[in-house]
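# Descriptive structure summary
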Amino acid sequence: MNHGDSHCATAEDDADGNQQRPLTLERVEKETKNFKSMVSHRLKKHCSCTPKKAKSKILGFFPILRWLPRYQLRDWLLGDVMSGLIVGILLVPQSIAYSLLASQDPIYGLYTSFFSSIIYALLGTSRHISVGIFGVLCLLVGQVVDRELALAGYLTESSSSSISGNDSAILLAGQGNISVAVGCDRSCYAITVGATVTFIAGVYQVLMGLFQVGFVSVYLSDSLLSGFATGASLTILTSQIKYLLGLKIPRPQGWFTLFKTWYSLFANLGNTNICDLVTSLVCLLILIPTKEINDRFKAKLKAPIPFELFVVIIATLASHFGHFNTDYGSGVAGDIPTGFLPPQLPMWSLIPNVAVDAFSIAIVGFAITVSLSEMFAKKHGYTVDANQEMYAIGFCNILPSFFRCFTTSAALTKTLVKESTGCQTQMSGLVTALVLLLVLLVIAPLFYSLQKCVLAVIILVNLRGALKKFTDVPRMWRVNRVDASIWLITMATSALVNTELGLLVGVLVSAFCVLGRTQQAQVLELGRATNREHYEDLSSYRGLRTHPGVAVFRYDAPIYYANQSLFKKSLYRCAGLDPVKEKTRRIKFQKKNKQQGETEEVQNMKSEEKEAADTAGVNALKEVRKDYGELGIKVVLAQCSASVLDDLERGGYYPDQKGCDGGDDNKMIYFTIADAIYSIQSLPTPNGDYDKKC
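Cut-offs applied
Residues numbered from 1 in each chain as written. Predicted model: local features only at pLDDT ≥ 70, side-chain atom pairs only at ≥ 80, totals over all residues. Heavy atoms only, no water. Helix = DSSP H or I, 4+ residues; strand = E, 2+ residues; numbered from the N terminus. Buried < 20%, exposed > 50% of the residue type's maximum accessible area, 1.4 Å probe, protein only. Contact = heavy atoms within 4.5 Å. Areas by Shrake-Rupley, 256 points an atom, 1.4 Å probe, with all protein chains shown as cover. Polar contact = N/O pair within 3.5 Å; in protein donor to acceptor, adjacent residues only side chain to side chain. Core = buried A, V, L, I, M, F, W, Y, C linked by side-chain atoms within 4.5 Å. Axes fitted to C-alpha atoms, helices over the stretch in contact; angles between N-to-C directions. Parallel < 35°, antiparallel > 145°, perpendicular 65-115°, else oblique. Left-handed = near helix turned anticlockwise from the far one by under 90°. Pairing = 2+ DSSP bridges. pLDDT = per-residue confidence, 0-100. Patch = residues over 30% accessible without salt bridge, like charges linked within 9 Å, V, L, I, M, F, W, Y side chains within 5 Å. Salt bridge = Lys/Arg side-chain N within 4 Å of Asp/Glu carboxyl O. Phe/Tyr/Trp six-rings, centres within 6.5 Å; stacked < 30°, edge-to-face > 60°. Expected span 1.5 Å × (residues − 1). Arc of directions from axis to C-beta. Bend = angle between axes of the 7 residues up to and from the residue.

With that out of the way, let us pick up the overall build of the protein. In terms of helices and strands, the protein carries 26 helices and 12 strands. Residues classed as buried in the protein amount to 49% of the 694 residues present. Of all intrachain contacts in the protein linking residues separated by at least 6 positions in sequence, the fraction that spans at least 24 positions is 79%. Summing over all exposed atoms, the protein offers an accessible surface of approximately 34,400 Å²; the carbon and sulfur share of this is 61%.

A separate point is the side chain of T238. Relative to the elements of secondary structure, T238 occurs in helix α8 (residues 222–245). Side-chain polar atoms of T238 contact the backbone oxygen of L234, separated by 2.9 Å. In contact with T238, other than residues within four places in its own chain, are L258, T261, W262 and L265.

The subject of this paragraph is the nonpolar core. The nonpolar side chains of a soluble globular protein tend to be buried with one another. Counting 113 residues, the largest nonpolar core has L110, Y189, V364, F447 and L450 as its most contacted members. When residues in this core are grouped by element, the largest group, 12 residues, is from helix α13 (residues 351–380). Formed by 29 residues, the second largest nonpolar core is a distinct cluster that contains V523, A551, Y555 and V624.

Before going further, it helps to examine the packing of helix α5 (residues 106–123) against helix α14 (residues 386–401). Running from N to C, α5 and α14 point in directions that differ by 150°, and their axes come no closer than 9 Å. As the angle between them shows, α5 and α14 are arranged roughly antiparallel. Relative to α14, the crossing made by α5 is right-handed. Packed against α5, whose contacting residues are F115, S116, I119, Y120 and L123, the element α14 presents Q388, E389, A392, F395, C396, L399 and P400 at the interface.

Turning next to the pairing of strand β7 (residues 523–528). Across four bridges, the pairing between β7 and strand β9 (residues 550–555) is antiparallel. Across the sheet, the residue bridging to L526 is V552, located in β9. Turn length for the β7-strand β8 (residues 535–537) hairpin, with the two strands adjacent in sequence and antiparallel, is six residues.

On to the confidence of the model for the protein, then. Mean pLDDT over the protein stands at 79; residues scoring 70 or higher make up 82%. α5 holds the highest mean pLDDT among the elements of the protein, 93, whereas strand β4 (residues 171–173) holds the lowest, 35. Across residues 158–182, confidence stays below pLDDT 50; counting only partners more than four residues off in sequence or on other chains, it has 48 contacts. Every residue in residues 597–602 scores below 50 in pLDDT, and together they form five contacts with partners more than four places removed in sequence or on other chains.

Now for a nonpolar patch on the surface. Together, I58, F62, L65 and L122 give the surface a local cluster of nonpolar side chains, amounting to about 320 Å² of exposed area. The topology assignment puts L65 in helix α3 (residues 64–67).

For the structure shown, the criterion picks out 19 aromatic pairs. Taking 5.1 Å as the distance between ring centres and 75° as the angle between the ring planes, the aromatic pair formed by F114 and F115 counts as edge-to-face. Residue F114 is classed as buried on the basis of its relative accessible area, which comes to 9%. Classification of F115 by relative accessible area gives buried; the value is 15%. A ring pair is formed by Y204 and F359, whose centres lie 5.5 Å apart and whose planes are at 85°; its orientation type is edge-to-face. Of the two residues, Y204 sits in helix α7 (residues 186–210) while F359 sits in helix α13, which places them 155 residues apart along the sequence. An aromatic cluster is present here, built from Y108, Y111, F114, F115, F340 and F403 joined pairwise through their rings.

In this section: helix α23 (residues 579–592). For α23, with 14 residues, the first-to-last C-alpha span of 20 Å sits near the 20 Å given by 1.5 Å per residue. Of all the positions in α23, only P579, E582 and R586 are classed as buried. One side of α23 holds all its buried residues, which, seen down the axis, span an arc of 60°. What points out from α23, more than 90 degrees from its buried face, is the exposed set K581, K588, K591 and K592. On the buried face of α23, the contacting elements are α22 (564–575) and α24 (615–629). In this structure D578 caps α23, since a side-chain oxygen of it lies 3.1 Å from the backbone nitrogen of V580.

The subject of this paragraph is the pattern of salt bridges. This model, assessed by the stated rule, comprises 14 salt bridges. Here R464 ties to E292 by a salt bridge, and the two come within 3.3 Å at their closest N and O atoms. In this pair, R464 is assigned in helix α18 (residues 464–467) and E292 in helix α10 (residues 274–296), connecting sequence segments 172 residues apart. Among the salt bridges present, the one from E582 reaches R586, with a minimum N-O distance of 2.9 Å. Taken together, the residues span about one helical turn, with E582 and R586 both in helix α23 at a distance of four residues. Judged by its relative accessible area of 16%, R586 is buried. Overlapping salt bridges bring together R147, E148 and D357 as one network.

A few words now on α13. With 30 residues, α13 should reach 44 Å at 1.5 Å per residue; the first-to-last C-alpha distance of 41 Å fits that figure. The sharpest bend along α13 comes to roughly 35°, located at D357. Residue G381 follows α13 closely and has a positive phi angle near 80°.

Quick look at the packing of α22 against α24 now. It is the contact of α22 with α24, at a shortest axis distance of 9 Å, that shows an interaxial angle of 30°. As judged from the angle between their axes, α22 and α24 are roughly parallel. Considering the relative orientation of α22 and α24, their crossing is right-handed. In this structure, α22 contributes Q564, F567, K568, L571, Y572 and A575 to the contact, and α24 contributes A616, A620, L621, E623, V624, D627 and Y628.

Here you go:
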């Protein structure tokens, strides 16, 4: 019977002995559109322009135009100003510090935080997240920058003075070498590479928004992202040890950088700068306890105490008046200019070298931003648009790249500070930008004598949250071993082998785990509850009843090409009868007993299918029905979803012929288990009027 037709009704006694008709539904015939009409409809929908639609698009692309006219000045302004000021104060030392991680001069970290705060306030849909410098992305950018610097001939930081010139110089970069059209020093080339990577990453993110692929964020699980961030944190920690010791060693490239870095550290341990080492230890002894104080009393404190800023100010004064740079050779931040440099285009010739790196950076930035946006939106009872978030973070990278900035994303630590200090809207982001603007125009040169080891200490202290994840591993293992395994594999690969490879391996392991879950699904035999029409697994509940001559099975997974063989094996094992083996046995038996008649018992099977089946899945069901049918066992389906019914029809599952008398004995699909069982039990046995069962 075609699934679009209404099913024939048969009578069944209910619990009180009254007869009730089985469930009868009629499918709605869906209108099928050809490809040409579908494309034409989509083009009309997306390309037509009306004043109402234009207004909706503009408001959707600039969310600030929606919330700013409704801004509640009296209720929201104080919280936004306070959170904006505090985050801005925290961002000053962190922006300078994370520039070190990205292999850039301090001024570029301030530029990056300034522009991203403004652009996200205009384009973002989250009210709470703080977009700016993020340690993992700085690490990824720094690895690309160091690689390109080495290819260009800038082997160490000390070579920065070998070529003099202005910052807007244009370089002609080749594969493995560089010819300089106009002079450009190491700092100039480093930010040129960083800005080019950032531009390409932003383009990728905007394209993902255009193609509406924001849904892919659901495939990047929390365990994957957490494992990746923790593994990258170990790499960050290792990369900063050289600054704590005052060592000038290049960052190793390629795989196993963690081991290479530690080898270089031990090999150069005798060159440790005592001044940097003592300063680092003092700063660690101050910042670690004070950070813990902030965390422990954050519920009582109206705002976290900016201990980092205090340490930066004191350390800068000590370094300046103690002449740490000139007398002890301690590395310092150096000259930090005020104001802004004129915009410049990315270096187009670098794009082939960095395009692959930029893609992984784009994925990480987008995944972190969307996951944090959705987390805080759910917490505070509003919604965010994942695709608009990709536009926002994409333009937070594209536009600032023209002003010598590097890649940004949402950052958890600063977002938590922002939320806890009263943030209501992204007006706080604009206040943060004002704080950074004041630093850029007036205060920045005062950080000339700030030691690089102090900046490294700030980075290490901010890794505490990620590194504490190791203490959660036993709990994760007890809760879900699959998620814990994904975390461990992703973390280990990111830390020990390669950061970008860790992300790829994590995605692949997650995909294989999802696939493995469908491979492990088993066919279960069901029984009926005694007091109502409800069926559950016989092996999980006591007191369930079975029906004479009918076996009910359920398969809790989709049936598709990868598991259709396992589905059949599981069904045959659960039913206790492999039809192929049984048919072979009977053929052999018949050959030995040609003269002896044989009476066979007819059994009936009913299968409950809830998930979608592809062509291979439909073929598997057809094979099961055919193989059991040759043994006189009828197989029917029940409680199939509408999509499964469509797949079964397209796959040719429904028989073409009617029953022998035009009745219901050839029916293959039922809406309820009860209808299927009653119908099967109503069929005559092989010794009755019918010679063969379908």
